Amino acid sequence: MAETKYTADNIKVLKGLEAVRKRPAMYIGGTTERGLHHLVYEVVDNSIDEALAGYCDTITIVMHANGSVSVEDNGRGIPVEKHGSENIPAVQVVMTVLHAGGKFDDKSYKVSGGLHGVGVSVVNALSKRLDVEIYRDGKVYHQYYEIGVPQKEIEVIGKSTTTGTKVTFIPDDTIFETTVFSFDYLSVRLRELAFLNKGIKIVLKDEISEKVHNFQYEGGISSFVKYLNENKKVIFEDPIYICGEKEGTEFEVSIQYNEGFQESISSFANNINTIEGGTHLSGFKAGLTRAINSYIKIGNLLKNEKVTPSGSDIREGMTAVISVKLSDPQFEGQTKTKLQNSEIDGIVSSIVYEKLNEFLEENPKVAKLLAMKAILGARSREAARKARELTRRKSVLESGSLPGKLADCSIQDPSQTEIFLVEGDSAGGSAKMGRERTFQAILPLWGKMLNTEKARIDKVLNNDKIQPVILALGAGIGEEFDISKLRYDKVIIMADADVDGQHIATLLLTFFFRYMRPLVEEGHVYIAKPPLFLVRKGKKKHYVHSVEERNKVLAEVGSKGTHVQRYKGLGEMNADQLWETTLDPEKRILTLVQIDDAIEADRMFTILMGDEVEPRRKFIEENAHYVDINEIS
Ligand code: 0RA
């Protein structure tokens, strides 16, 4: 851009982009895989805004073979004429000025604002190269940038019969830890966006694998709820759908109940998944509790029952998606995903109360079901409370008692210690002998582990397989789970690599996810990976963890005089071998259990542990990466 004069504005622009490159985490949350994918969402958000303004119905995202990604929409096209008093095309302002986004179109609020709404200029600043093509006024316009800086003036490169915008960018590999996009990662969020913005067609294509996903849901968030409940037995077929508008805030919710006991509410504000909840969530809960309880009262359904349903009784077995769109969202909390706007609480609770009352009046069958379920929930809560009191008396906190089978470690400082949950008594015995007892504790598990997906909390608390785990960890469960009381830093599941072992591992993970979620979210849960084979040649021993690795080692050492032993289970290893392969921090392989996306993980556990068998088989065949397992040593 030899022609450009460095006006004060230009310098400001360069300063802005420089700030983004210096501290990318401030703008996109980080430079890991998550931050990388955030770039795509940022560009897509602009197209979603164009769609919500009513000008666009299709967004196509393509992962190209050269590692770039393009996002194309059929909206009006970003304006190309000179912007305001500045001598720069509007599109260049959008691409280079922080937060310029849709600012010159203030008729509608920018729904994608907030967490993601940093603007496409941030994507530009963090891209090795970004190309924008605009289809408008019968022409195709083009301009490109390198690390945010325009490389030429915008120019007309052809004719067009349509309108729209296409942004293609290739992330800067000096900024990001990885620049490889994941189809599955993108797919989860794009599907979510299609649910949240009913009718919009979102297409995701991968040029390399030739995979294509098409998302378009005329049912919007009701389709979302059905998707989440896909493999659960629902107690009524059509989700309840409620929406309303008040003081410029739009709110909608879809509710369906299943035969389970979990409460699962996914909340969104301006399309952002508010993991930490906030005022829209509290407003929804308040409105729901009030509506159901007033229905129960008016119908005198409680008769002479002593307990009144609480909010959580009413939400037992409920799957819901709530979505609010507001003009000036404020976020707080650790991950800035908690909606803060105080006015939203009252707005949402009054919409929900009013509209749910109408629904209950018009749908007496479903209304009765919900009321009865709530009353039943209240009764079992009472039972659970009694059970808990019993357990608490027995618990570590009060009596200091630890489970009989636990071989505890001697160090007291929980940040230094680990506990192995070991499948089977014989492996448990070897582990007890082979461990380093100062910091490693062993708890053998035996028999049939309870499927906590299908049990109420009182049953979980009293289960003789689960109770030792709760007592050993020492941090309680459910709403009373307190991670600061955790007795070990690492909780390591050690099971055989066969189907039974995987089943036990999954049951334990389900239990942790449902009843000790912070344990998983804060990265305390690991899976030990015992070797599958021992390849021995002379005195040299190689423990290997897969068939491929075995073949590689065999090729390296040569087959003559080589002996291969296959381990069928942990029980076949003696104490020394167990130490060498699976316990020794220097040599073992541990996989950290990580939750990338709580909504998808929730669905996954439902499928893995829920009622229906066929979807589970299909799911395991297809994928299981939402509890993403990253290998660390
Ligand atoms: C402001 C005004 C107009 C279009 C857009 C923004 C726009 C931005 C993006 C970003 C991605 N796709 C987009 N599509 C449109 C149009 C103003 C007019 O034509 O009157």
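Fair warning: this is a prediction, and the values are worked out from it, not measured in the lab. (Residues numbered from 1 in each chain as written. Predicted model: local features only at pLDDT ≥ 70, side-chain atom pairs only at ≥ 80, totals over all residues. Heavy atoms only, no water.)

**Description of the overall build of the protein chain**
Here's step 1: Within the protein chain, the secondary structure is distributed over 21 helices and 25 strands.
Here's step 2: Over its C-alpha trace the protein chain gives a radius of gyration of 28 Å, about what one expects of a compact globule, namely 26 Å for 633 residues.
Here's step 3: Its C-alpha atoms give the protein chain principal-axis dimensions of about 80 × 80 × 45 Å.
Here's step 4: Counting every position in the protein chain, which comprises 633 residues, the buried fraction comes to 54%.
Here's step 5: The contacts of the protein chain with a sequence gap of at least 6 include a subset with a gap of at least 24, amounting to 69%.
Here's step 6: If you sum the accessible surface of the protein chain, you get close to 29,100 Å²; carbon and sulfur atoms cover 50% of it.
Here's step 7: For the protein chain, the distance from the average position of its 81 positive side-chain charges to the average position of its 91 negative side-chain charges is 5 Å. (Helix = DSSP H or I, 4+ residues; strand = E, 2+ residues; numbered from the N terminus. Rg over C-alpha atoms; globule rule 2.2 N^0.38 Å. Buried < 20%, exposed > 50% of the residue type's maximum accessible area, 1.4 Å probe, protein only. Contact = heavy atoms within 4.5 Å. Areas by Shrake-Rupley, 256 points an atom, 1.4 Å probe, with all protein chains shown as cover. Lys, Arg positive; Asp, Glu negative; His and termini not counted. Charge placed at Lys NZ, Arg CZ, Asp CG, Glu CD.)

**A few points about a negative patch on the surface**
Here's step 1: A contiguous patch of negative charge on the surface is contributed by Glu-245, Glu-247, Glu-250, Asp-328 and Glu-343.
Here's step 2: Structurally, Glu-247 is set in the loop between strand E10 (240-246) and strand E11 (249-257).
Here's step 3: On the basis of relative accessible area, Glu-247 is assigned to the exposed category, the value being 68%. (Patch = residues over 30% accessible without salt bridge, like charges linked within 9 Å, V, L, I, M, F, W, Y side chains within 5 Å. Salt bridge = Lys/Arg side-chain N within 4 Å of Asp/Glu carboxyl O.)

**Describing the side chain of Thr-274**
Here's step 1: Relative to the helices and strands, Thr-274 resides in the loop between strand E13 (272-273) and helix H8 (279-298).
Here's step 2: Relative accessible area serves as the criterion here: at 2%, Thr-274 is assigned to the buried category.
Here's step 3: Polar contacts involving the side chain of Thr-274 include one to the side chain of Ser-267, which spans 2.7 Å.
Here's step 4: Contacts of Thr-274, omitting those with residues within four sequence positions, involve Ser-267, Phe-268, Ala-269, His-280, Phe-331, Thr-337 and Leu-339. (Polar contact = N/O pair within 3.5 Å; in protein donor to acceptor, adjacent residues only side chain to side chain.)

**Focus: the packing of helix H7 (residues 220-228) against helix H20 (residues 598-609)**
Here's step 1: Contact geometry for H7 and H20: axes closest at 10 Å, N-to-C directions at 45 degrees. In terms of orientation, H7 and H20 fall into the oblique class. Together, Phe-224, Tyr-227 and Leu-228 of H7 and Ile-599, Glu-600 and Arg-603 of H20 make up the contact between the two elements.
Here's step 2: The residue makeup of the contact of H7 with H20, split by class, is four nonpolar, no polar and two charged. (Axes fitted to C-alpha atoms, helices over the stretch in contact; angles between N-to-C directions. Parallel < 35°, antiparallel > 145°, perpendicular 65-115°, else oblique. Nonpolar A, V, L, I, M, F, W, Y, C, P; charged D, E, K, R; others polar.)

**Some remarks on the sheet that holds strand E21 (residues 533-537)**
Here's step 1: The sheet built from three strands is open, its strands ordered E22-E21-E23 with antiparallel pairing. At either margin of the open sheet sits one strand with a lone partner, and together these are strand E22 (540-544) and strand E23 (562-566). Each strand of the sheet is rotated relative to its neighbour by a mean of 20 degrees, with strand direction disregarded. (Pairing = 2+ DSSP bridges.)

**Topic: the nonpolar core**
Here's step 1: Counting residues in each nonpolar core, the largest one holds 61 residues, and the members touching the most others are Val-40, Ile-61, Met-95, Phe-169, Leu-190 and Ile-202.
Here's step 2: Apart from residues no more than four positions distant in its own chain, Ile-202 is found in contact with Ile-48, Ile-59, Ile-61, Leu-190, Leu-193, Ala-194, His-213, Asn-214 and Phe-215.
Here's step 3: Listed in part, the 45 residues of the second largest apolar core include Leu-486, Phe-511, Tyr-515 and Val-520. (Core = buried A, V, L, I, M, F, W, Y, C linked by side-chain atoms within 4.5 Å.)

**Describing the confidence of the model for the protein chain**
Here's step 1: Chain-level pLDDT for the protein chain is 88 on average; 90% of the residues reach the 70-or-more range.
Here's step 2: Taken together, the stretch residues 103-109 has pLDDT below 50 and engages in 10 contacts with residues farther than four places along the chain or on a different chain.
Here's step 3: In this model residues 623-633 is a low-confidence stretch, pLDDT under 50, and it forms 34 contacts with partners more than four residues away in sequence or in other chains. (pLDDT = per-residue confidence, 0-100.)

**A closer look at empty space enclosed by the protein**
Here's step 1: All chains considered together, the criterion is met by two cavities of 30 Å³ or more.
Here's step 2: There is about 50 Å³ of room inside the largest cavity.
Here's step 3: Surrounding the largest cavity, Val-188, Arg-191, Glu-192, Phe-195, Phe-224, Tyr-227, Asp-597, Ile-599 and Glu-600 form its lining.
Here's step 4: Looking at the lining of the largest cavity, the elements with two or more residues in it are helix H6 (183-196), H7 and H20.
Here's step 5: Across the lining of the largest cavity, the residue classes break down as five nonpolar, no polar and four charged.
Here's step 6: Space inside the second largest cavity adds up to approximately 30 Å³.
Here's step 7: Taken together, Leu-228, Lys-232, Ser-264, Thr-319, Asp-602 and Arg-603 make up the lining of the second largest cavity.
Here's step 8: Looking at side-chain class alone, the lining of the second largest cavity contains one nonpolar, two polar and three charged residues. (1 Å grid on protein atoms, 1.4 Å probe; cavity = no way out; pocket = protein on both sides within 12 Å on 5 of 7 lines; lining within 4 Å. Points joined across faces, edges and corners; volume = space filled by probe spheres on them.)

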